[in-house]
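Commentary on secondary and tertiary structure
So you can see what is in the structure, the chains are spelled out below.
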Protein chains: 2
Amino acid sequence: MTDFTDKLRPADPQGPSILAQERSGSNVNTDQLAKHLLSRNGFLNRQQKVLAILEPIPIFCKKNQLNMARPDRYHLSLARSKALRRLSIKHGWERDDYLMADYLMDEMSPYALQSTMFLTSVREQCNEEQKAYWLPKAENFDIIGCYGQTELGHGSNVKGIECQAKWDPKLKEFIIHSPTITASKWWNGALGRTANHAIVVAQLLLPNVTDGKLKSYGPHQFIVQIRDMKTNKPLEGIVIGDIGPKYGYPGMDNGYMLFENFRVPHSALLSRYSGVNPDTGAYIRPENPAVVYGSLTYVRAQIIMHARLVLARAVTVAVRYLSIRRQFVDRDTKDPGAPEQAVLNYPTVQVRILPLIATTFALHYTGEAMYKLYYGTRQEIEESGDFSRLAEMHAASSGLKSLCTTLAADGIETCRRAMGGHGFGGGSGMIALNNEYLSKPTVEGDNWMITQQTAAYLIKRMTEVFNNSELKATDSVDAQFQDFVRSHQVQQNFSINSDIDLVRAFRHRASYLTYQLYQARVVQKLPWTDLMLSLHRLSRAYSESLLVTNFYNAVFESQLNPPVDDATVNVMKNLYRLFAIYTLDNSSSEFLLSKALQTERLQYLTPRLQELMKENRPHAVRLVDAWSIPDYVLESALGSYDGDVYNRLFHKAHKENPLNLQTFNPDWRSEEIVMGEGEESARKRLEALALGVTGHEQAMNPRSKL
Amino acid sequence: MTDFTDKLRPADPQGPSILAQERSGSNVNTDQLAKHLLSRNGFLNRQQKVLAILEPIPIFCKKNQLNMARPDRYHLSLARSKALRRLSIKHGWERDDYLMADYLMDEMSPYALQSTMFLTSVREQCNEEQKAYWLPKAENFDIIGCYGQTELGHGSNVKGIECQAKWDPKLKEFIIHSPTITASKWWNGALGRTANHAIVVAQLLLPNVTDGKLKSYGPHQFIVQIRDMKTNKPLEGIVIGDIGPKYGYPGMDNGYMLFENFRVPHSALLSRYSGVNPDTGAYIRPENPAVVYGSLTYVRAQIIMHARLVLARAVTVAVRYLSIRRQFVDRDTKDPGAPEQAVLNYPTVQVRILPLIATTFALHYTGEAMYKLYYGTRQEIEESGDFSRLAEMHAASSGLKSLCTTLAADGIETCRRAMGGHGFGGGSGMIALNNEYLSKPTVEGDNWMITQQTAAYLIKRMTEVFNNSELKATDSVDAQFQDFVRSHQVQQNFSINSDIDLVRAFRHRASYLTYQLYQARVVQKLPWTDLMLSLHRLSRAYSESLLVTNFYNAVFESQLNPPVDDATVNVMKNLYRLFAIYTLDNSSSEFLLSKALQTERLQYLTPRLQELMKENRPHAVRLVDAWSIPDYVLESALGSYDGDVYNRLFHKAHKENPLNLQTFNPDWRSEEIVMGEGEESARKRLEALALGVTGHEQAMNPRSKL
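Chain A appears in an unreviewed UniProt entry as Acyl-coenzyme A oxidase from Exophiala aquamarina CBS 119918. For the record of chain A, the UniProt heading Cofactor (unreviewed entry) holds the text "FAD".

If you want it as structure tokens, here you go:
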């Protein structure tokens with residue numbers, strides 16, 4: 001299809017030349033910085049290697065995804081899952097290659113649970129015998145698994161789930177049963193149409209030896225075959241389905257599942273830490289109940305590391321597009337021919353985008369610190385049965401999960417909105433990113449619920465510290481609180497121009513809020529529920545202090561590793577300042593209340609923020625370049641590396657939109673829609689579309705489409 | 001399809017009995033309040049009347065919408081548009097009935113621009129002759145119109161658009177031309193596949209009488225036939241298409257359009273206020289250039305009124321579901337059998353939802369005030385050519401458009417996130433609402449750009465007031481600034497417990513920020529661009545003071561009209577307090593800086609907020625009931641009036657999900673996807689899906705589907 005638009009080009013200045021200019025105007029060493037950020041597990045090389053394999057394969061093409069019906073999107077996603085597994089074998093991929101392919105493909109696929117929740121449960125919750133049986137099957141994808149914990153009626157409160165697993169002492173089997181509609185498993189990925197096996201979390205019910213009355217021992221994990229291996233139909237006594245469309249993840253079959261007295265053998269109960277004696281029917285207690293949720297904690301740590309890359313992606317698109325986009329002429333110019341300004345030069349745009357660049361780095365260094373903490377704790381548990389750091393890990397991971405996913409989710413939308421009209425279009429590449437990431441503040445611990453765990457830990461430590469002046473500090477929190485207890489009545493007057501004072505101010509504020517809650521809860525014994533708002537604020541304050549502290553430690557205290565040159569380090573230091581000042585400004589009244597800051601200092605915050613934004617602005621494009629997000633992942637006309645924004649946007653609409661292949665009849669007097677189709681057929685077709693397809697399987701069968 | 005799930009019901013307590021209890025626990029008079037809020041233009045009765053007509057018609061059924069491919073969604077939406085027009089004639093609907101149907105149908109449809117932007121331009125920008133020709137055609141829908149202003153390269157900066165309309169003095173015609181790709185019209189609703197006529201905004205270029213050189217007279221509106229009335233194909237010299245998928249509005253064909261030296265007659269230029277003399281080619285100047293954007297201002301006023309109802313919808317769903325949803329047992333209970341708590345009882349949930357209930361009312365009263373201001377100003381212009389209030393109206397409408405759409409957009413997402421997992425699912429009814437409303441902070445004036453207009457107006461008034469102590473106040477802003485100038489150095493110490501003091505505090509803060517900017521801009525002459533951040537904050541502060549003031553005036557100063565009983569008025573007063581305290585708390589440091597509040601008062605804000613939340617909590621369900629959003633509009637299993645949440649959610653998934661009609665092959669060794677389809681056909685089908693349909697028109701033709 002050729003027409004007169006083929007010879008047109010965008011008005012000057014051209015995007016590619018603008019980005020070239022932006023890149024030449026900064027001394028950030030992008031290559032060094034990329035290696036510094038992305039060398040863990042050979043990320044950068046792996047990305048290049050796997051990308052070269054995926055990109056040319058037709059079914060991995062992403063450009064038509066937003067036009068497709070939900071059932072088709074699942075079909076495509078299942079096909080991709082299967083193809084990835086075959087590629088994995090063909091190219092001898094290791095696990096990290098496979099995860100890289102998943103990341104590049106950028107969709108939650110029906111096999112996604114296999115290598116995460118399902119395999120993690122098998123590895124961590126099975127006893128040796130169970131592991132020997134299930135692990136090879138799962139690792140070879142001979143079975144496809146999912147993880148069935150959440151129910152229609154219960155999410156965060158795992159203890160409240162209704163699905164039951166009753167022990168039948170006669171047949172020595174468990175009977176899995178859903179007593180209500182709300183007991184239905186719900187949301188579980190890959191369950192809806194794909195998986196033939198599931199980890200089912202159910203209330204373990206054992207009959208009392210004395211009277212045979214059932215007693216609940218709380219939620220336990222069972223491994224259960226749920227579909228026939230030949231037909232993939234649900235087994236007798238199980239009802240399964242896909243729960244339907246949701247904000248994102250159209251290619252994933254999140255499912256529901258109910259059981260009617262469905263029997264599984266004794267070996268179905270995953271028994272590494274706890275179990276049931278098959279002879280006596282007695283419960284075997286876990287040594288430490290916290291371990292039961294080990295796999296959830298692992299997933300939470302990964303979420304924190306993921307947040308930085310997702311935010312980096314949104315910021316990459318925003319920075320490149322907003323450098324290119326021109327808007328108004330400077331209001332103060334006298335020159336009638338003055339050029340329009342780059343939108344990124346407006347302070348009102350900078351204040352939304354530049355702090356988010358800084359946030360990607362803040363998240364990175366805290367992610368790195370979290371990994372260290374997680375693996376360290378894990379090793380102590382595995383090697384020496386030492387659980388002592390579990391509480392600290394849990395407290396930090398909960399608060400940080402909450403804060404980091406909120407920052408990323410809000411940050412994505414902030415980037416999108418800053419891009420104005422084109423940010424709302426499919427060419428932005430933001431739709432799936434935005435809609436899908438909105439799940440993160442909820443999954444793996446709701447962001448407003450889990451902060452209680454962080455706050456509870458802090459109050460506990462403050463209680464110890466306050467009441468025992470001789471206490472030997474066991475972790476960094478103790479030491480921080482000891483400092484605070486000595487000085488908390490004194491106005492601190494930290495300087496917003498001192499790098500280390502910013503760290504001190506954040507720590508002081510967190511300590512102050514902890515102390516207030518210690519007073520309210522421990523001394524005045526106020527009801528927990530009444531304190532929830534303050535508990536949440538404390539968790540945020542503490543988590544922000546961790547982000548600021550880790551960022552500071554990384555760029556001021558230690559040699560960056562892998563190293564970057566001094567010019568780049570200096571830019572990183574300025575990003576630290578921007579992050580700290582911006583974050584402080586957002587909660588300034590808490591800093592006043594805690595006496596970390598004097599009211600008179602408030603007026604200097606905005607000028608300082610503007611100064612830092614001006615200093616960071618020239619490096620914006622190179623900083624996002626360092627995150628090395630491939631165009632294939634961005635899938636964005638606005639954010640592509642080359643900056644050819646308008647040609648890409650126009651091409652996408654003019655050459656790739658299936659709607660443009662039809663001509664319509666807009667006249668209201670006629671029922672006809674597509675020109676020439678006839679009124680009767682139009683009416684039938686549209687009614688079927690509107691009413692859905694119940695009982696019309698043939699009509700929706702994709703085989704009849706092509 | 002029957003199975004064992006048919007006999008199951010949700011665990012107790014049942015949703016309907018919970019909502020009944022909630023409703024009986026409040027003395028808010030829902031019926032009175034509904035009439036009070038929704039009597040304008042007979043809204044409530046009209047809603048009932050039109051709903052009864054729409055709901056039984058098959059193509060107006062909404063339940064399958066989220067499963068459909070984009071092209072199908074447009075087909076359905078076009079069919080609905082056409083059917084609505086036929087219904088309109090059949091039932092003798094007046095314009096408000098038709099708009100009600102549009103509201104209830106709840107999708108931006110291909111006819112949506114006809115009755116708004118297109119007709120408004122015809123009515124307001126045509127001279128009498130033009131109006132006589134075009135108005136009947138447009139009102140009868142003999143032609144279908146759209147409004148083509150925004151371009152690929154220009155949105156907010158209308159003056160920068162590139163599309164040209166060159167006057168040809170020989171043939172006495174305009175030549176409409178797109179010199180670049182970025183000159184392409186873009187985003188314009190109904191343009192993509194539907195409209196046969198367009199209002200085209202183009203730079204008017206007239207040749208100088210002396211040297212024939214073209215000179216631009218800025219953007220003007222032209223009415224242009226763009227498609228053939230028989231075939232609906234674009235006319236020769238025009239390229240048109242749909243721009244592709246976007247966040248929301250799948251049923252709307254937002255389009256692009258380029259012209260290649262396309263000729264239109266002299267009469268195409270809409271000439272009520274300005275024009276071109278066809279004989280001399282001389283420009284006829286408008287008396288007041290601001291009138292050119294009259295239709296935009298009208299749309300902006302409507303957006304403000306719309307925001308309240310959209311937010312009310314999100315809050316309705318959230319309040320009903322969160323009253324029903326149970327989560328944890330009270331942490332402090334000693335009773336092992338204690339019931340789980342309603343999620344809405346958590347302060348961490350209340351703080352997100354209850355202030356938003358209050359916000360719906362704040363928006364309402366300011367919307368009412370805006371209507372008065374708009375119609376009053378309009379009348380003055382029409383009747384006596386008096387433009388004096390245009391500046392004030394524009395300032396207020398800009399700042400309020402920005403604030404109100406931001407509050408609604410953020411509020412919708414806050415509601416959604418508060419609903420946890422089910423908030424992310426299609427059963428929430430939030431997906432389209434959320435995705436579509438996200439356009440509002442951008443369209444009709446970007447929320448971060450138009451605040452400059454508000455701030456500029458305020459600075460101008462402050463300059464007058466500060467430099468002329470004798471000034472006779474011409475509007476409420478002047479009087480407010482005069483008060484401030486007298487007292488601005490004095491610590492004010494307004495009480496957060498006094499209703500009128502809250503109004504004073506908001507006004508004082510807005511005045512202070514204006515004064516600061518007067519100093520910076522007028523006295524110190526700082527560059528405008530450097531001040532943008534402060535200008536935006538000022539606009540927000542001023543707009544918040546309008547919301548607080550209008551809310552206060554409505555519930556304290558005047559008799560509510562239509563009236564509500566005292567018990568209900570008292571609840572409204574408490575909602576005012578909640579709104580004011582919550583809003584103040586969010587920007588408390590600005591109140592400190594402006595000396596409206598003392599730092600020591602800060603610590604009382606949270607306790608006061610919690611107190612007000614406790615007092616408002618029992619009325620939550622009745623308050624949202626008063627907004628009278630029908631289930632048909634909510635389209636939400638979580639938010640339906642009856643509260644039967646879990647049965648509805650389950651039914652929707654188990655009986656209405658087309659994906660559940662197929663069985664899949666999850667084995668990675670096979671390319672087959674749907675059981676029994678064969679590997680070769682699967683591969684071909686999936687590749688076509690992934691690559692899209694360019695050149696395969698037949699494959700995507702819906703006629704071949706059924």
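The rest of the description comes next.
1. Let's talk about the UniProt feature "domain: Acyl-coenzyme A oxidase N-terminal" (unreviewed entry) in chain A
With numbering aligned to this structure, UniProt lists the feature "domain: Acyl-coenzyme A oxidase N-terminal" (unreviewed entry) at residues 29-144 of chain A. In the segment residues 29-144 of chain A, helix accounts for 66% and strand for 0%; the C-alpha atoms at its two ends are 45 Å apart.

2. As for the packing of aromatic side chains
The description of an aromatic ring pair rests on the distance of the ring centres and on the angle between the ring planes. Tallied over the full model, the rule gives 52 aromatic pairs over all chains. Aromatic pair Trp187 of chain A and Phe424 of chain B: ring centres 5.9 Å apart, planes at 45°, arrangement tilted. Of the two residues, Trp187 of chain A sits in strand 4 (residues 185-188) while Phe424 of chain B sits in helix 11 (residues 420-424), which places them in two different chains. Taken as a pair, Trp187 of chain A and Phe424 of chain B share a single burial class, namely buried. An angle of 75° between the planes, with centres 5.3 Å apart, marks the rings of Phe650 of chain A and Tyr256 of chain B as edge-to-face.

3. Details of the domain arrangement of chain A
When cut into domains, chain A gives domain 1 (119-287), domain 2 (295-329 + 339-626) and domain 3 (662-692). One C-alpha centre belongs to domain 2 of chain A, the other to domain 3 of chain A; they are set 54 Å apart.

4. A few points about the UniProt feature "binding site: FAD" (unreviewed entry) in chain A
Residues and elements named next belong to chain A. In the UniProt entry, the feature "binding site: FAD" (unreviewed entry) is given for Thr150 and Gly189. For this annotated set, covering 40 residues, all C-alpha atoms fall within 10.4 Å of each other, a compact arrangement in space. Of note, Thr150 is situated in the loop between strand 1 (145-148) and strand 2 (164-168). Discounting residues that sit within four places of it in the chain, Thr150 has contacts with Gly155, Ser184, Lys185, Trp186, Trp187 and Asn188. Take Gly189: it is sitting in the loop between strand 4 and strand 5 (197-207). For Gly189, a relative accessible area of 9% puts it in the buried group. With residues near it in sequence (within four places) discarded, Gly189 still touches Leu113, Cys146, Met252, Asp253 and Asn254.

5. A short note on helix 10 (residues 390-418) of chain B
Over its 29 residues, helix 10 of chain B extends 41 Å from the first C-alpha to the last, a length consistent with the 42 Å expected when each residue adds 1.5 Å. Counting buried residues along helix 10 of chain B, 24 of its 29 residues qualify, which places the element largely inside the surrounding structure.

6. As for the sheet that holds strand 4 (residues 185-188) of chain B
The sheet built from 3 strands is open, its strands ordered 4-8-7 (chain B) with antiparallel pairing. What marks the edges here is a single partner per strand, and that holds for strand 4 and strand 7 (238-242) of chain B. Across the sheet, the mean angle from the axis of one strand to that of its neighbour is 15°, orientation sign disregarded. In this structure, strand 4 of chain B lies alongside strand 8 (residues 255-259) of chain B, joined through 3 bridges in antiparallel fashion. From the neighbouring strand, Lys185 of chain B faces strand 8 of chain B, where its bridge partner is Met257 of chain B. Contacts from helix 22 (residues 645-656) of chain A reach strand 4, strand 7 and strand 8 of chain B within the one sheet, and its direction differs from that of strand 8 of chain B by about 100°.

7. Some points on the interface of chain B and chain A
Interfaces are often described in size by the accessible area the parts lose on coming together. Contacts between the two partners involve 185 residues from chain B, matched on the other side by 186 residues from chain A. Together, the buried faces of chain B and chain A total about 15,900 Å²; carbon and sulfur atoms form 62% of this surface. Contact with chain A buries area across many residues of chain B, yet Tyr247, Phe424 and Trp668 of chain B alone supply 6% of it, more than any other trio. For the pair chain B and chain A, the interface holds 14 salt bridges. Salt-bridge contacts for Arg669 of chain B lead to Asp142 of chain A; the nearest nitrogen and oxygen are separated by 2.4 Å. The interface formed by chain B and chain A includes 89 residue pairs in polar contact (both at pLDDT 80 or more). At 12 residues, helix 4 (residues 70-90) of chain B tops the list of elements feeding residues into the side of chain B that touches chain A. When its residues are assigned to classes, the side of chain B that touches chain A shows 79 nonpolar, 59 polar and 47 charged.

Rules used in this analysis
Residues numbered from 1 in each chain as written. Chains lettered and ligands numbered in written order. Predicted model: local features only at pLDDT ≥ 70, side-chain atom pairs only at ≥ 80, totals over all residues. Heavy atoms only, no water. UniProt positions renumbered as here; feature names shortened; annotations may be inferred. Helix = DSSP H or I, 4+ residues; strand = E, 2+ residues; numbered from the N terminus. Phe/Tyr/Trp six-rings, centres within 6.5 Å; stacked < 30°, edge-to-face > 60°. Buried < 20%, exposed > 50% of the residue type's maximum accessible area, 1.4 Å probe, protein only. Domains from an automatic or database assignment. Contact = heavy atoms within 4.5 Å. Expected span 1.5 Å × (residues − 1). Pairing = 2+ DSSP bridges. Axes fitted to C-alpha atoms, helices over the stretch in contact; angles between N-to-C directions. Buried area = accessible area lost by both parts, 1.4 Å probe. Salt bridge = Lys/Arg side-chain N within 4 Å of Asp/Glu carboxyl O. Polar contact = N/O pair within 3.5 Å; in protein donor to acceptor, adjacent residues only side chain to side chain. Nonpolar A, V, L, I, M, F, W, Y, C, P; charged D, E, K, R; others polar.

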